[in-house]
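# Coordinate inspection notes
Here are the chains, one letter per residue:
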Amino acid sequence: MIDQNSPKWFQEAIAEEPKKLSVKIKGTKIVYNAWGDKKNPGILFVHGGMAHAGWWSFIAPYFSKTHRVIAMNLGGMGDSDWRKDYSMEIWGEEIVGVCKKEKLKKPIIAGHSLGGMCSVLAASIMKKELYGLVIVDTAIMPPTNTPPKFDLKIRANKIYKKINEIKERFRLVPSQSDALPYAMDFIAEKSIKKVKNGWTWKFDPKYMKIFNIESFAERQSIYRKKLKGLRCRVAIFRGEKSIIFPGRSAKYMHELMDKKSPIINIPEAHHHIMVDQPLALVAALRSLIIDWDHSKPSKAL
């Protein structure tokens, strides 16, 4: 249900409902939302951890008049089926698979947080086939950085008897202030599913097992190599108040890419940029696409 007290721009964006489509990739049904004409250039949005395609539902319509817009659910999250095993590489292949199924023209991938990591891997597979990659508040760290603390307590999603009870439990990870309440309410409602004894979260908690301190250094090494070797245009969006993507990490990524890819800081934004500064995110991405369409890449392809 749309909050009637939400601003007009938000209500109009949500009212532009997408088509729900799917494709089977490595034996798993991957569900995605689609807006716009297939004849137009393509943009594919990828969500973060424990999230889903609905996080982009009030962002994507701002591009639907000029692009074929896709917002996908990674395996084990949102409306996509769960897998027996998960890996960043499989999620990267899912992104590539959706691009191929849609036959996106001049495809741009925009991935947030975990989706940004997976999108780097997808971009490394697609090489020159990918027109551009936008990494949204995803930190790839220098080798000397101390790994973050990991919560390895993996447990089944709790079942709540009442829908209002589970919606009230919806939280951002990491938490942040200034999140727009109407955006949070919309995302929360899209994050849950009806089960036999009540309501529970859509994501498979088992996927988090792949994120552990033992494999942190190895994973970061892979991301660094993949990012440095990309053959497409790349831009990095950073929430200026993000606690998981500090300025020093952005500077390191900038240097890793020979200072040829822009770092674009979104004012007043935290990690989850689309829920506290959504229109600033739209404006930044629109400006970037216009620039890419009217300039030559600084890196030889």
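Up top you'll find the structure we're talking about.
Let us look at the structure shown here. These figures come from a predicted structure and were not determined experimentally.

Mapped onto the elements of the fold, Met72 is located in strand S4 (residues 68-72). Once the C-alpha coordinates of Met72 and Ser22 are considered, the two residues, 50 residues apart in sequence, prove to be 9.1 Å apart. In this structure Met72 touches Ile30, Val31, Tyr32, Leu44, Phe45, Val46, His47, Ala53, Glu94, Ile95 and Val98, once residues within four positions along its chain are discounted.

Below, the discussion takes up the nonpolar core. Counting residues in hydrophobic clusters, the biggest one holds 98 residues, and the most contacted among them are Phe45, Phe58, Met88, Trp91, Leu133 and Leu227. The greatest single-element share of this core, amounting to eight residues, is contributed by helix H3 (residues 114-126). The residues contacting Phe45, other than those within four sequence positions of it, are Trp56, Ile59, Ala60, Phe63, Val69, Ile70, Ala71, Met72, Ala110 and Leu285.

As enumerated under the stated definition, the model contains eleven salt bridges in all. One salt bridge connects Glu93 with Lys26, and the closest N-O pair in it is separated by 3.3 Å. Pair noted here: Glu93 is in helix H2 (residues 88-102) and Lys26 is in the loop between strand S1 (19-25) and strand S2 (28-35), with a separation of 67 residues, a long-range link. Owing to a relative accessible area of 31%, Glu93 belongs among the partly exposed residues under this scheme. Lys202 is the salt-bridge partner of Asp79, the closest N and O atoms lying 2.8 Å from each other.

Burial runs high along strand S3 (residues 41-46): five of the six residues are buried. Of the strand pairs in this sheet, S3 and strand S5 (residues 105-112) are connected by five bridges, and their pairing is parallel. Looking at the pairing, Pro41 lines up with Lys105 of S5. Summarising the sheet, S3 and S4 pair through five bridges and their orientation is parallel. By the bridge assignment for S4, Val46 is matched with Met72.

This part is about the packing of H3 against helix H6 (residues 216-228). Relative to each other, H3 and H6 sit at 50°, their axes nearing to 9 Å. In this view, H3 runs oblique relative to H6, as classed from their interaxial angle. Regarding H3 and H6, the two cross each other, and that crossing is left-handed. Contacts between H3 and H6 pair Met117, Val120, Leu121 and Ser124 from the former with Gln220, Ile222, Tyr223, Lys226 and Leu227 from the latter. Counted by class, the contact of H3 with H6 contains six nonpolar, two polar and one charged residues.

The subject of this paragraph is the sheet that holds S3. Reading across the sheet, the eight strands line up as S1-S2-S4-S3-S5-S6-S9-S10 and stay open at both edges, with mixed pairing between neighbours. Across the chains shown, the open sheet's two edge strands, defined by having one partner strand only, are S1 and strand S10 (263-266). Neighbour-to-neighbour, the strand axes of the sheet open up by a mean angle of 25°, direction not taken into account. Note: S2 against S4, four bridges, orientation antiparallel. Bridge pairing in S4 places Trp35 opposite Val69. Of the strands in this sheet, S1, S2, S3, S4 and S5 are in contact with H2, which crosses S1 at around 120°.

Glancing now at H2. Its 15 residues give H2 an end-to-end C-alpha distance of 22 Å, which sits within 8% of 21 Å, the value for a rise of 1.5 Å per residue. Looking one or two residues beyond H2, the residue adopting positive phi is Lys103, at roughly 50°.

Note the cis peptide between Val173 and Pro174, where omega equals 0°. Here Pro174 is to be found in the loop between helix H4 (163-168) and helix H5 (181-190). Although it is not a glycine, Met50 sits at a positive phi angle of roughly 65°. By the element assignment, Met50 lies in the loop between S3 and S4.

Another point: the environment of Pro61. Along the chain, Pro61 turns up in the loop between S3 and S4. The buried category is assigned to Pro61, whose relative accessible area is 9%. Sequence-wise, Pro61 and Trp35 are 26 residues apart; in three dimensions their C-alpha atoms are separated by 7.1 Å. In contact with Pro61, not counting residues within four places along its chain, are Ala13, Glu16, Trp35 and Trp56.

Look at any regular strand and the pattern is simple: side chains alternate between the two faces of the sheet. Where strand S9 (residues 233-239) lies against S10, four bridges are found, and the strand directions are parallel. Counterpart to Arg238 in the pairing with S10 is Asn265. Once you follow S9 into helix H7 (residues 247-256) and on to S10, the crossover reads as right-handed.

Conventions we followed
Here the residue numbers are simple positions, counted from 1 along each chain's written sequence. In keeping with the predicted nature of the model, local features appear solely for residues at pLDDT of at least 70, side-chain atom pairs appear and are counted solely at 80 or more, and the whole-chain, interface and lining totals rest on all residues. Each side-chain value is worked out from all heavy atoms of the structure, with water and hydrogens disregarded. Numbered from the N terminus, helices here are DSSP runs of H or I no shorter than four residues, and strands are runs of E no shorter than two. In this description, contact between two residues means that some pair of their heavy atoms is separated by no more than 4.5 Å. Think of a nonpolar core as a cluster: buried Ala, Val, Leu, Ile, Met, Phe, Trp, Tyr and Cys residues, connected wherever their side-chain atoms sit within 4.5 Å. Only protein chains enter the calculation, and the probe is 1.4 Å; a residue is then buried if its accessible area is under 20% of its type maximum, exposed if over 50%, and partly exposed in between. The salt bridge criterion pairs a side-chain nitrogen of Lys or Arg with a carboxyl oxygen of Asp or Glu, the two atoms within 4 Å. Strand pairing is defined by DSSP finding a minimum of two bridges between the two strands. Simply put, an axis is a line fit to the C-alpha atoms, just over the touching stretch for a helix, and the angle between two N-to-C directions goes from 0 to 180 degrees. Roughly parallel means an angle under 35 degrees; roughly antiparallel means over 145; roughly perpendicular covers 65 to 115; every other angle is labelled oblique. Should the near helix be turned counterclockwise from the far one by less than a right angle, the crossing is left-handed, whereas a clockwise turn marks it as right-handed. Polarity classes work like this: nonpolar for Ala, Val, Leu, Ile, Met, Phe, Trp, Tyr, Cys and Pro, charged for Asp, Glu, Lys and Arg, and polar for all others, with Gly in that last group. Each residue after the first adds 1.5 Å to the expected span of a helix. With the strands pointing away from the viewer, any crossover whose connection runs clockwise from the first strand over the helix to the second is right-handed.

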